[in-house]
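# Structural overview for review
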Amino acid sequence: MSTQADLSRPAGGGHDADEEAVAIARKRASEGKKAEAKLGMMLCAPAALVMVAVMAYPIAYAFWLSLFRADLRTPDQNEFVGLSNYVTVLSSPIWWTAFGVTAFITVVSVILELVLGMLLAIVMHRTIIGRGLVRTSALVPYAIVTVVAAFSWRFAWSQDLGWLAGSSAPLTDRWSSIAIIILAEVWKTVPFMALLLMAGLALVPEDLHKAAAMDGGSAWQRFWMITVPLVMPSILVAVLFRTLDAFRVFDNIFVLTSGANETSSVSMVAYNNLIRGLNLGIGSTMSVLIFITIAIIAVVFTKLFGAAAPGSDEGGRR
């Protein structure tokens, strides 16, 4: 009996030792993640403090102005109205029409830029002969100032002046104007998408493609099953940056249509009220709403697609 008891002790002791080792390993991993997170916060702190110092006052002051009936044409009649300006803006069909136009331009342009940017990135990544020339020529549109590029598109589509328009006047019709605005946005920013995506393509091991090709994988299968998952962090960063930037579209609309025929974006409507109309209360309210919308887009995008973002764990959480 004593022998059996002695023989059973090592088994129990070994099991306890394994559990203790696992607990120690988990504790060390948890401490490592905390240390890594602390280091990341320390590294990001200077940039975050600079951003807060630059952005905090303008945002706070815009929110403060949005609570007042503030009109530079009648400065003696300014008064505190609380959230009345927000009710006015959110109940205005002009705001929601501009919001719909902005959302449509954002979604369509970002999708086209992602597809064309990926194609351009692959071409620049795979090019062997004249790689420098190909990359330089592909980046020319992105190097041109947006206003200058917009004027070029305006002249190209002006009636009896531009060679693309001929005798027609596409900039006088709503949907053709929106299509031209999207075309100008895509032409200008596809190189930006290609740059970000090409950085991700450079990290894809070529050996994986060769192994998949030897196993009979087609070019499309290799791209979809190997390239896309490995480049996903770059795709998410590029799409997020361009979505936030496209939602604030202003330059192309200002030059091409000036917001005529219901082609105004939310930034254009805010500009008309704040700068042209001198209505600081309504204009500041629209600016705050644009800021809130962009913040919501960033948060939702990060929560939904955070699992593939750089530095995320398996659950998509830090």
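Residues numbered from 1 in each chain as written. Predicted model: local features only at pLDDT ≥ 70, side-chain atom pairs only at ≥ 80, totals over all residues. Heavy atoms only, no water.

## Concerning the overall build of the chain
- Across its full length, the chain holds 12 helices and two strands.
- Per-residue burial for the chain yields a buried fraction of 34% across its 318 residues.
- Within the chain, contacts between residues at least 6 apart in sequence are counted, and of these 65% link residues at least 24 apart.
- A total of about 19,300 Å² of accessible surface is found on the chain, and carbon and sulfur atoms cover 69% of it. (Helix = DSSP H or I, 4+ residues; strand = E, 2+ residues; numbered from the N terminus. Buried < 20%, exposed > 50% of the residue type's maximum accessible area, 1.4 Å probe, protein only. Contact = heavy atoms within 4.5 Å. Areas by Shrake-Rupley, 256 points an atom, 1.4 Å probe, with all protein chains shown as cover.)

## So, the environment of I122
- Checked against the element boundaries, I122 lands in helix α3 (residues 93-126).
- A sequence separation of 79 residues divides I122 from L201, and the C-alpha atoms of the two residues are 7.6 Å apart.

## Some words on α3
- Taking 1.5 Å of rise per residue, 34 residues should cover 50 Å, and α3 covers 49 Å from first to last C-alpha, within 8% of that figure.
- Among the residues of α3, the N-terminal cap falls to S92, whose side-chain oxygen and the backbone nitrogen of I94 are separated by 3.3 Å. (Expected span 1.5 Å × (residues − 1). Polar contact = N/O pair within 3.5 Å; in protein donor to acceptor, adjacent residues only side chain to side chain.)

## A short note on the pattern of salt bridges
- Applying the stated criterion to the full structure yields seven salt bridges.
- Here R174 and E262 are joined by a salt bridge, their closest N and O atoms 3.6 Å apart. Remark: E262 occurs in the loop between α10 (251-256) and α11 (266-276) and R174 occurs in helix α7 (residues 174-201); sequence separation between them is 88 residues.
- Given a relative accessible area of 48%, E262 falls into the partly exposed group.
- Residues E185 and R242 are paired through a salt bridge, measuring 3.4 Å at the closest nitrogen-oxygen approach. In this pair, E185 sits in helix α7 while R242 sits in helix α9 (residues 219-247), placing the two residues 57 residues apart along the sequence. (Salt bridge = Lys/Arg side-chain N within 4 Å of Asp/Glu carboxyl O.)

## Description of the packing of aromatic side chains
- Under the counting rule described, the total for this entry stands at 15 aromatic pairs.
- Consider the rings of Y57 and Y61, whose centres lie 5.8 Å apart with planes at 10°: the pair is stacked. Of this pair, Y57 and Y61 both sit in helix α1 (residues 2-66), four residues apart, which is roughly one turn of the helix.
- Judged by centre distance (6.4 Å) and plane angle (40°), the ring pair of W95 and F99 falls under tilted. With a gap of four residues between them, W95 and F99 both fall in helix α3, about one helical turn apart.
- The exposure class of W95 is buried, given its relative accessible area of 3%.
- What makes F99 partly exposed here is its relative accessible area of 23%.
- What links up through ring pairs into an aromatic cluster is the set W95, W96, F99 and F247.
- For R174, the ring lying beneath its charged end belongs to W175, and the centroid distance is 5.1 Å. (Phe/Tyr/Trp six-rings, centres within 6.5 Å; stacked < 30°, edge-to-face > 60°. Lys NZ or Arg CZ within 6 Å of the ring centre and 35° of its normal.)

Function cannot be inferred from these measures alone, as they are strictly geometric.
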